[in-house]
Amino acid sequence: MGGSGARELAGYLLALGGWVSALAAAVLPQWRQSSYAGDAIITAVGLHEGLWMSCAAQSTGQVQCRLHDSLLSLDVHIQTSRALMVISLLLGFFGIIVSVVGMKCTKVGEEDPVTKSRIAVAGGVLFILSGLCTLAAVSLYATRVTYEFFRESSVPINARYEFGSALFIGWGATGLTMLGGSLLCCSCPPKEQRGQRSYRQSQPSTAREIPWSGR
């Protein structure tokens, strides 16, 4: 395996790890959690909320979760983050399939190296778009949590919410996915290789030409 093939494999593994992390972030309910700041810290019950459910963890270790009842009753930022994460996971899924076809270390699909390189680049673009969607979803949710935490309110600080672990997993997934997609995009064939391919394709047609000779 040459340097280009090793780079493609490294990019694919990074992007795959980022996609799995994005899937974990989308499923986890820890997008925001109870804040333990302030003087009167309440430690009996810890509240966690995610895109799909909200959970309450008691000090005894018992955890009770409840799915969000209605989609239309949710806040706009939750609905938007949901949609972005679903789009991100779909783009990443298609990126996984396309990249497998285009990588030089696989024997799937096309055998022409130039065509496989272009397919690998397409997979890298899908991974980058997936990472951007994950970044947008996580950042939008984090912005809303920050706004609600610092705005003037009668709610005590220790009863407000702050960043949950799923947000940090999402940011990490964004970095892995976009880095892996960028490495796959480096598989674009050089101009010399593309020129040789077009020259080889034009050779059979010129060989079949029969010069006309007048009688």
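Residues numbered from 1 in each chain as written. Predicted model: local features only at pLDDT ≥ 70, side-chain atom pairs only at ≥ 80, totals over all residues. Heavy atoms only, no water.

Caption draft 1: Quick look at a nonpolar patch on the surface. The grouping of Trp52, Leu67, Val86, Leu90, Phe93, Phe94 and Ile97 at the surface amounts to a nonpolar patch, some 650 Å² of accessible area in total. Here the element with the most residues in the nonpolar patch is helix α2 (residues 76-102); it accounts for five residues. In this structure, Leu67 sits in strand β4 (residues 63-67). Leu67 gets classed as exposed once you look at its relative accessible area, which sits at 56%. (Patch = residues over 30% accessible without salt bridge, like charges linked within 9 Å, V, L, I, M, F, W, Y side chains within 5 Å. Areas by Shrake-Rupley, 256 points an atom, 1.4 Å probe, with all protein chains shown as cover. Salt bridge = Lys/Arg side-chain N within 4 Å of Asp/Glu carboxyl O. Helix = DSSP H or I, 4+ residues; strand = E, 2+ residues; numbered from the N terminus. Buried < 20%, exposed > 50% of the residue type's maximum accessible area, 1.4 Å probe, protein only.)

Caption draft 2: Structural context of the sheet that holds strand β1 (residues 32-34). Taken in spatial order, the five strands line up as β4-β3-β2-β1-β5 in an open sheet, and their pairing is antiparallel. Of all the strands in the sheet, just β4 and β5 (161-163) have a single pairing partner and so form its edges. On average, each strand axis in the sheet is tilted by 25 degrees relative to the strand beside it, whichever way the strands run. Bridging between β1 and β5 involves three bridges; their strand directions are antiparallel. (Pairing = 2+ DSSP bridges. Axes fitted to C-alpha atoms, helices over the stretch in contact; angles between N-to-C directions.)

Caption draft 3: Structural view of the pattern of salt bridges. In the structure shown here, the tally under the stated rule is three salt bridges. Between Glu49 and Arg32 there is a salt bridge, and its shortest N-O distance comes to 2.7 Å. Here Glu49, found in strand β2 (residues 45-49), pairs with Arg32, found in strand β1; they are 17 residues apart in sequence, far enough to count as distant. Between Arg32 and Glu148 there is a salt bridge whose closest N-O contact spans 3.0 Å. Of this pair, Arg32 sits in strand β1 while Glu148 is found in helix α3 (residues 113-150), placing the two residues 116 residues apart along the sequence. Overlapping salt bridges bring together Arg32, Glu49, Arg144 and Glu148 as one network.

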